[in-house]
Amino acid sequence: MSRHAAPKASVWTRAGASGIIVGLLVGVAVTALGSLGATPAIADTSSAVTVKASDYELDPADAPMPDLAVTVSKTADLTSEGILVSWTGGKKSVRPQGNVGGENFLQIAQCWGDDPEHAGHPDRTTCQYGAFPNVGRDSNVEANVEPDPGEPDTGLAPNIAPEDEQYTVPGSGFANPPYTSIPFRAADKTTVISSVVLNDKGERVHDTTVDVNKNEFFTEYTSNEVKWAGSDDAGNGSVKFEMQTSMQSPGLGCGQPVIVPGKETTGQSCWLVIIPRGTGDSGVSQIIRPGLFWDAWQHHVAVKLDFKPVGVRCEIGSAEAQLGGSELIAGAVSSWQPNLCAGATGSAFVLSTGNEADVLAKASGTVPSPLALTSLPSSVTTADPLQYAPVGLSGVTISFAIDRRVKPIPDIDPAYADRETQSFTSLNLTPRLIAKLLTASYTSALPPGADLSHINYIDFQHPGKNARNITTDPDFLAINDPEWAAQDLNSVSLADALTPSGRSDLATQLWRYVMADADAVAFLDGTADKWGMIVNPWYSTNADVNPTGTGFVLPRDNFPKADPVEKAATEGSNGVGPVNLVTWRPYTSGFENGAYLTLRGDGLQLGGWDSTSTPPKYLKTIRSLVGEQGVIGLSTAGSAARYQNVTASLLNPAGEYVAPDSDAMLAAAAAMTPAPQQPAVLEFDPASSAAAGAGTAYPLTMPVYAALNPLQTDAVQRAKFANLIRYAATDGQKPGTGIGQLPAGYAPMPTSWVDQALVAATAIEQGISPNAVPSPTPAPAAAATGVTAARPAAAASGTAAVAAVAATVAAATDPTATGTKAGPLLGAKTPDDPDVGPVAAAVPAGLLSGLAAAGAVPMISRIRRKRL
């Protein structure tokens, strides 16, 4: 694909004069620094379990899928997250049709209790199952077979299994057949039951006031069950499954702390149950009965699940220390928290995610504040009072859950047809395609029935040249697998990306990535792509195109729904309310919520109008189930990994499509350059020459820094924050699924980042400001570069200046807490990375020494971080 690169600023320009001067100060010491020393994270498979139907089923002789073997990717250390369930030995599936469940598919549910009559098996009454239409826990069972001669007519059909009779209300003829309902027993021992209720005559009756499928414990909006999961032509398949703890499902109670005196607290275990369904059950030739009925249940396979205990395991009454800012680091903080309680300054930390700039403003003062977690430096225009400690390396991701639905045409490739209902596992995106998703430029991103003439859509016969959604866009099809062109995908949530409300550094970095691409810039300016698609003019950066008369300002720190389009309300008995862009395509509550909704297949699609509500309102459409999903959402690498999202590969500035794995994020770290206004903070600048040469780098990689003014007056709180930073930079960088380890979706920090964090932690703890001027240091005349007289005091060239810095380091830091010798802050060079010369190496070394010197070099005026 032809691309026009945006102008690239040089490394010298992007680094800024201050970074260069500091770098020259210690350039002589660069060769003495250590290597990168980072180990990429490896996905944990130590708790994966495979179970075979032939070894597990209660009735293997009549198994609908006798060769079925199911693998569960993770069965230990579970939290609220996604796992992968895959299988072989199934049979080619048929999609559900109407009230018929389809053929040769699997159903999956989470259960909490053990079967008292079958050791090693779950109790079906404890399964979260039946919330969705045409599935249920109950059914009328017609008496298709007459009783044998001489046998009494009990009112129970012969096709009701003996194991189900205890849950069955007898019938009284063709018009009133037997009714079977499997009750739900919640973890708190509450029972939801609609059958086997004794009346005053001692008879079993159907209690019609109880709905076992929609109850206080689960509904179609909350249940995590998979009612249909299909296999391909070879009988293989896979599906992502949402693990729910007691926080998401109190009825299951999974992960609820189990406290035994003298033993480690554990989480309540649960079960994952897979129910194979053939072509008929319960005496009928079609799948129209619940999988909990015995004829189907006896063929289940199940895996025991071990959960981490829910909740922060800190001593009750522990003083909480507040953290605020970046959502990017939330998953790591959650993992670290239990171990931090037992640290030297043991404390419970509470992270409130929000706009980083706001938290930085508070952290810059001397009044005690939350520890700021940020990816961009402060916007102050004077000397920056913050110490910056790297604590994480992750990135923004675009998650997707898109299941195949092949076009019903006769000449379709048979290989495509064989993969019907299976999920796509790869997708490429360019900055221009992301711009289209973020600007409501696809027709389905706007409410139907509204005036869409501004994107040249008149009606169905005159749709204009803007695609319906991204999967029908020739721009998308040109860079992705040809199989995409064979799909008939109409989900509204494929016309945009689920985006969070609010402001964040993550939004800023995503827009910077878009605006560093010439094709995306031209599109946003109002130039149609070569297929004729135009930007929604309300998002155009060109004032002459934008109906407001003002260009849409980019980059920015949010994702506004700028188009005021509205479908008007209608009057009368069948009237409905108005629909605007926010109603039609709501915001998510955050990037993690985007990953969670993607796992669930929930595109936040608008439901029907409820005129009976007070006041009347639109309902929400229930999530799309497996085989029907079509969702794209903004997420973070950590939340995408947690919820088993598949993520898009993005076109990086070097012209390569790269996925957000650990190696790609480390490659991006190696290409990061100091922020112009603050050399202590690195950034992946997509417009830089370093980024243009980093072929293996993931372009939305971002560092996270803990930042605080060390002159804040609460020394106890500063010590707690220092302890957090030290743990985060050391033990917290060890990848794994255990408590205190670095979760998937994060790359271990380079060694030099660790060293910077340890130095900054000491400075925060000891109250050493980065702007403290060491004494006695003579101040030579100001250089011709325009730097103030105070700056050259530490920037004098030669070994004397280096020695002065080293002496300040020794006086200002705890030698036992500085870690190993620092490697290059930009990370190890990869084969595809550019040779950016000595400045890139000298700047990080100067930065580290400057931090340790506790501010021997006061900062020059900062460039203000834009707030839009």
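Everything that follows concerns the structure shown earlier in this document.
These remarks concern the structure in this document. Since the model is a prediction, treat every value here as computed from it, not as a measurement. (Residues numbered from 1 in each chain as written. Predicted model: local features only at pLDDT ≥ 70, side-chain atom pairs only at ≥ 80, totals over all residues. Heavy atoms only, no water.)

## Observations regarding the sheet that holds strand β1 (residues 49-52)
Convention followed: Two strands qualify as a pair provided that DSSP identifies no fewer than 2 bridges between them. Numbering goes from the N terminus for both helices and strands, where a helix is a DSSP run of H or I of at least four residues and a strand is a run of E of at least two. Axis geometry follows a simple rule: fit a line to the C-alpha atoms, using only the stretch in contact for helices, then measure angles between N-to-C directions, giving values from 0 to 180 degrees.
Sheet architecture is open: four strands sit in the order β1-β2-β3-β13, paired in antiparallel fashion. Two strands in the sheet have a free side with no partner beyond their single neighbour: β1 and β13 (237-243). Taken pair by pair, the neighbouring strands of this sheet meet at an average axis angle of 20 degrees, ignoring direction. In the sheet, strand β2 (residues 69-72) pairs with strand β3 (residues 81-88) via four bridges, with the strands oriented antiparallel. Residue Val-72 lies in a different strand from β3, and its bridge partner there is Val-85.

## Digging into the state of the cysteines
Put simply, the rule is: Note on terminology: disulfide denotes any pair of cysteine sulfur atoms within 2.5 Å. Buried means the residue's accessible area, taken with a 1.4 Å probe over protein chains only, is under 20% of the maximum for its type, while exposed means over 50%, and partly exposed covers the values in between.
This structure, assessed with the given rule, holds two disulfides. Put simply, Cys-111 and Cys-127 are joined by a disulfide, and their sulfur atoms are 2.0 Å apart. Classification of the bridge connecting Cys-111 and Cys-127 rests on its S-S torsion, roughly 100 degrees, and on that basis the disulfide is right-handed. Here Cys-127 lies in the loop between β4 (105-111) and β5 (138-140) and Cys-111 lies in strand β4, a separation of 16 residues in the sequence. Residues Cys-111 and Cys-127 agree in their burial class; the two are buried. With a sulfur-sulfur separation of 2.0 Å, Cys-254 is cross-linked through a disulfide to Cys-270. Torsion about the S-S bond of the Cys-254 and Cys-270 cystine: about -95 degrees, corresponding to left-handed handedness. Of this pair, Cys-254 sits in the loop between β13 and β14 (257-258) while Cys-270 sits in strand β16 (residues 270-277); the two residues are 16 residues apart in sequence, bridging distant segments of the chain. Like Cys-270, Cys-254 is buried.

## Observations regarding the environment of Glu-765
Selection criterion: Here, two residues are considered to be in contact whenever any of their heavy atoms come within 4.5 Å of each other. As used in this structure description, the phrase polar contact means that two N or O atoms lie within 3.5 Å; if the pair is within protein, one of them must be able to donate a hydrogen and the other to accept it, and residues adjacent in sequence are counted only when both atoms belong to side chains.
Along the chain, Glu-765 falls in helix α17 (residues 751-766). Its relative accessible area of 30% is what places Glu-765 among the partly exposed residues. Between the C-alpha atom of Glu-765 and that of Val-716, which follows or precedes it by 49 residues, the distance is 8.5 Å. Those residues in contact with Glu-765 that lie beyond four places of it in its chain are Arg-718, Ala-719, Ala-722 and Arg-726. Engagement of the side chain of Glu-765 in a polar contact is seen with the side chain of Arg-726, the distance being 2.7 Å.

## Side note on the packing of helix α7 (residues 431-438) against helix α9 (residues 505-515)
For any two helices packed against each other, one specifies the crossing angle of their axes together with the interaxial distance. Heads up, the rule is: Roughly parallel means an angle under 35 degrees; roughly antiparallel, over 145; roughly perpendicular, 65 to 115; everything else is oblique. Note on convention: near helix rotated counterclockwise from far helix by under a right angle means a left-handed crossing. Clockwise means right-handed.
Put simply, α7 and α9 touch, their axes get as near as 8 Å, and they point 125 degrees apart. One finds that α7 runs oblique with respect to α9. Every pair of crossing elements has a handedness; the one defined by α7 and α9 is left-handed. Side by side, α7 and α9 meet where Pro-431, Ile-434, Ala-435 and Leu-438 of the first sit next to Leu-510, Trp-511, Tyr-513 and Val-514 of the second.

## Some thoughts on the sheet that holds β16
Sheet architecture is open: four strands sit in the order β12-β4-β16-β17, paired in antiparallel fashion. The two strands at the open ends of the sheet, each matched to only one other strand, are β12 (226-230) and β17 (301-305). Along the sheet, successive strands turn relative to each other by an average axial angle of 25 degrees, direction set aside. Across five bridges, the pairing between β16 and β17 is antiparallel. Paired with Ile-274 across the strands is Val-301, a residue of β17.

## Thoughts on the environment of Glu-656
Of note, Glu-656 is situated in the loop between β29 (649-651) and β30 (657-658). Along the chain, Glu-656 and Pro-699 lie 43 residues apart, while their C-alpha atoms are 9.9 Å from each other.

## Quick word on unusual backbone geometry
Glycine aside, a negative phi is what most residues show, and trans is what most peptide bonds show. With an omega dihedral of -5 degrees, the bond running from Leu-554 to Pro-555 counts as a cis peptide bond. By secondary structure assignment, the location of Pro-555 is in the loop between α10 (518-525) and β23 (566-567). Residues Thr-614 and Pro-615 are joined by a peptide bond in cis, for which omega reads -5 degrees. With respect to the secondary-structure elements, Pro-615 resides in the loop between β25 (606-610) and β26 (617-620). Of note in the backbone geometry, Ala-440 takes a positive phi value of approximately 50 degrees without being a glycine.

## Quick notes on the pairing of strand β18 (residues 320-325)
Sheet topology places β18 next to strand β19 (residues 348-353); six bridges connect them, and they run parallel. In the sheet register, Glu-320 faces β19, and the bridge partner there is Ala-348. Of the pairings in the sheet, the one linking β18 to strand β20 (residues 371-374) comprises three bridges and is parallel in character. Residue pairing for β20: Leu-323 is matched across the bridge by Leu-371.

## What about empty space enclosed by the protein?
Just so we agree on the cut-off: Grid points spaced at 1 Å and placed over the protein atoms alone form the basis of the search, with a cavity being a set where a 1.4 Å probe fits but cannot get out and a pocket an open set showing protein on both sides within 12 Å along at least five of seven lines. Lining residues have an atom within 4 Å of a point. Grid points are joined across faces, edges and corners, and a volume is the space filled by probe spheres set on the points.
Per the counting criterion, the structure on display carries nine cavities of 30 Å³ or more. Estimated volume of the second largest cavity: approximately 160 Å³. For the second largest cavity, the lining is made up of 19 residues, of which Val-226, Val-239, Lys-240, Val-626 and Gln-629 are closest to its centre. For the lining of the second largest cavity, the elements supplying multiple residues, two or more each, are β12, β13 and α12 (591-600). Here the lining of the second largest cavity gets five residues from one element, more than from any other, and that element is β13.

## With respect to the side chain of Thr-499
Among the structural elements, Thr-499 can be located in the loop between α8 (474-477) and α9. Not counting chain neighbours up to four residues away, the residues in contact with Thr-499 comprise Leu-438, Phe-559, Lys-561, Tyr-587, Thr-588 and Leu-634.

## As for the pattern of salt bridges
Think of it this way: side chains of opposite charge can pair up when their charged atoms draw near. In plain terms, the rule: By convention in these notes, a salt bridge is any Lys or Arg side-chain nitrogen within 4 Å of a carboxyl oxygen on Asp or Glu.
Summed over the entire model, instances satisfying the criterion amount to 25 salt bridges. Across the pair Arg-185 and Asp-123 runs a salt bridge, and its minimum N-O distance is 2.7 Å. Pair noted here: Arg-185 is in strand β8 (residues 184-185) and Asp-123 is in the loop between β4 and β5, with a separation of 62 residues, a long-range link. A salt bridge links Arg-277 to Asp-281, with the nearest nitrogen and oxygen atoms 2.1 Å apart. An identical accessibility class is assigned to Arg-277 and Asp-281; each is buried.

## Notes on α7
Because an α-helix completes one turn every 3.6 residues, residues spaced three or four positions apart along the sequence face the same direction. For α7, the tally of buried residues reaches eight of eight residues, placing the bulk of the element in the interior. Of the residues making up α7, those classed as buried are Pro-431, Arg-432, Leu-433, Ile-434, Ala-435, Lys-436, Leu-437 and Leu-438. Looking one or two residues past α7, Ala-440 carries a phi angle of roughly 50 degrees, positive in sign.

## Some points on the pairing of strand β27 (residues 630-636)
Burial within β27 is extensive, with seven of its seven residues counted as buried. In β27, alternate side chains face the same way, and those of Gly-630, Ile-632, Leu-634 and Thr-636 on one face and Val-631, Gly-633 and Ser-635 on the other are all buried.

## Concerning the nonpolar core
Within soluble globular proteins, side chains that are nonpolar generally end up buried alongside one another. Convention followed: For the purposes of this section, nonpolar cores are sets of buried Ala, Val, Leu, Ile, Met, Phe, Trp, Tyr and Cys residues that join through side-chain atoms within 4.5 Å.
By size, the foremost hydrophobic cluster in this structure holds 116 residues, and its most contacted members are Trp-336 and Leu-429. Among the elements that line this core, the one with the most residues is strand β21 (residues 387-402), at eight residues. In this view, Leu-429 contacts Ile-398, Ile-434, Ile-470, Phe-476, Ile-479, Tyr-513, Ala-648, Ser-649, Leu-650, Leu-651 and Tyr-657; residues no more than four positions away in its chain are not counted. Listed in part, the 57 residues of the second largest apolar core include Val-51, Tyr-56, Leu-68 and Ile-83.

## Notes on the packing of α7 against α10
The criterion, for reference: Residue polarity follows a fixed list, in which Ala, Val, Leu, Ile, Met, Phe, Trp, Tyr, Cys and Pro are nonpolar, Asp, Glu, Lys and Arg are charged, and the others, Gly among them, are polar.
Packing of α7 against α10 brings their axes to within 7 Å, and their N-to-C directions diverge by 35 degrees. Contact residues: Pro-431, Arg-432, Ala-435 and Lys-436 in α7; Asp-519, Ala-520, Phe-523 and Leu-524 in α10. Looking at the contact of α7 with α10, its residues break down into five nonpolar, no polar and three charged.

## A closer look at the packing of aromatic side chains
The condition is simple: Stacked, edge-to-face and tilted labels apply to pairs of Phe, Tyr and Trp rings (six-membered ring for Trp) whose centres lie within 6.5 Å, assigned for plane angles under 30 degrees, over 60, and everything in between, in that order. Consider the ring centre and the ring normal. A charge sits over the ring if Lys NZ or Arg CZ is within 6 Å of that centre and within 35 degrees of that normal.
Applying the stated rule across the entire model yields twelve aromatic pairs. Relative to Phe-552, the ring of Trp-511 lies with its centre 6.2 Å away and its plane at 70 degrees, an arrangement referred to as edge-to-face. In this pair, Trp-511 sits in helix α9 while Phe-552 sits in the loop between α10 and β23, placing the two residues 41 residues apart along the sequence. Judged by relative accessible area, which is 1%, Trp-511 ranks as buried. For the pair Tyr-539 and Phe-552, a centre-to-centre distance of 5.4 Å together with 70 degrees between the ring planes defines the contact as edge-to-face. A residue pair is termed long-range when its members are at least 10 positions apart, and Tyr-539 in the loop between α10 and β23 and Phe-552 in the loop between α10 and β23 qualify at 13 residues. Owing to a relative accessible area of 9%, Phe-552 belongs among the buried residues under this scheme. An aromatic cluster is present here, built from Trp-511, Tyr-539, Phe-552, Phe-559 and Phe-591 joined pairwise through their rings. Residue placement shows Arg-404 over the ring face of Phe-424; its charged tip is 4.1 Å from the ring centre. Directly above the ring of Phe-523 sits Lys-436, whose terminal nitrogen or CZ lies 5.5 Å from the centroid.

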